[in-house]
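# Commentary on secondary and tertiary structure
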Amino acid sequence: QPQRGPRRIRRRCPRRSRAMVAAAGGAPTRPPANIEDFLWNIHTVLAAQPGPFSIDHVKDAYSKHLGHKCAIERFLVVGEGGLAATLKRIPHIVNVTTDGTGATVVSASQSADLSKAQLIDADSAYRRELIKKNALAKAKAQAAGAATGKSPAPTAKAPAPAAA
């Protein structure tokens, strides 16, 4: 019987994708495909917390609860005001307040037993309300401009044809 060299034992370790591993208690989910899915994810994370918690821990709580990275920048514009200013723009989903020590804390605006369809309806209603407020503000600005004698905006006219 011929001698063989050292035998290599190949162990199969289950590969775990970081994007699909969730903490105990939460099932892994896919990253959100649209804004409604993202808002639902934020709601479920905040509703799962026992109470208001520091805004600094929102992304970590999201990752632990859902098993994927919190890519808020993909759905909402995060400007100079940071995460707090961004979350304040969705008050129908997130309450952003300060606690007794002056730290910024967040909590869910809606009840924990809210369904995804109800959350989407609340979001649609909020968006319609914003559209109405913006239209009203625009109308007031135009009315104020007309009252002061200012024309809305000068329009460029084509030059008159030269007489021959």
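Please refer to the structure placed before this passage.
Reference entry: report on the structure contained in this document. (Residues numbered from 1 in each chain as written. Predicted model: local features only at pLDDT ≥ 70, side-chain atom pairs only at ≥ 80, totals over all residues. Heavy atoms only, no water.)

This part covers the nonpolar core. Formed by 25 residues in total, the largest nonpolar core has its most connected members in Phe38, Leu87, Val94 and Val106. Among the secondary structure elements, those contributing two or more residues to this core are helix H1 (35–48), helix H2 (58–66), strand E2 (94–98) and strand E3 (104–108). (Core = buried A, V, L, I, M, F, W, Y, C linked by side-chain atoms within 4.5 Å. Buried < 20%, exposed > 50% of the residue type's maximum accessible area, 1.4 Å probe, protein only. Helix = DSSP H or I, 4+ residues; strand = E, 2+ residues; numbered from the N terminus.)

At a minimum axis distance of 10 Å, the contact between H1 and helix H4 (residues 116–147) shows a crossing angle of 115°. When the axes of H1 and H4 are compared, the pair comes out roughly perpendicular. Between H1 and H4 lies a crossing whose hand is right-handed. Between H1 and H4, the residues in contact are Ile35, Glu36, Asp37, Leu39, Trp40 and His43 and Lys116, Leu119, Ile120, Asp123 and Arg127, respectively. When grouped by side-chain class, the residues that make up the contact of H1 with H4 number 5 nonpolar, 1 polar and 5 charged. (Axes fitted to C-alpha atoms, helices over the stretch in contact; angles between N-to-C directions. Parallel < 35°, antiparallel > 145°, perpendicular 65-115°, else oblique. Left-handed = near helix turned anticlockwise from the far one by under 90°. Contact = heavy atoms within 4.5 Å. Nonpolar A, V, L, I, M, F, W, Y, C, P; charged D, E, K, R; others polar.)

Turning to the pairing of E3, a few remarks are in order. Within E3, 4 of the 5 residues are buried, leaving the element largely enclosed by the surrounding structure. Inspection of the sheet shows strand E1 (residues 53–54) paired to E3 by 2 bridges, in the antiparallel sense. Residue pairing in the sheet places Phe53 in a bridge with Val106 of E3. Strand direction decides the pairing type here: E2 and E3, joined by 5 bridges, are antiparallel. (Pairing = 2+ DSSP bridges.)

What follows deals with the packing of aromatic side chains. One pass over the structure, following the stated rule, counts 2 aromatic pairs. When the ring of Phe38 is compared with that of Tyr62, the centres are 6.1 Å apart and the planes differ by 35°; the resulting orientation is tilted. One end of the pair, Phe38, is in helix H1; the other, Tyr62, is in helix H2, and 24 residues separate them in sequence. Like Phe38, the residue Tyr62 is buried in the burial classification. Between Phe38 and Phe75, the aromatic rings sit 5.2 Å apart at their centres with planes inclined by 20°, giving stacked as the arrangement. Taken together, the positions of Phe38 in helix H1 and Phe75 in the loop between H2 and helix H3 (82–88) put the pair 37 residues apart, joining distant regions of the chain. Judged by relative accessible area, Phe38 falls into the buried class, the value being 1%. Three or more aromatic residues joined by ring pairs make a cluster, and in this case those are Phe38, Tyr62 and Phe75. (Phe/Tyr/Trp six-rings, centres within 6.5 Å; stacked < 30°, edge-to-face > 60°.)

Worth remembering: the numbers are spatial, not functional.
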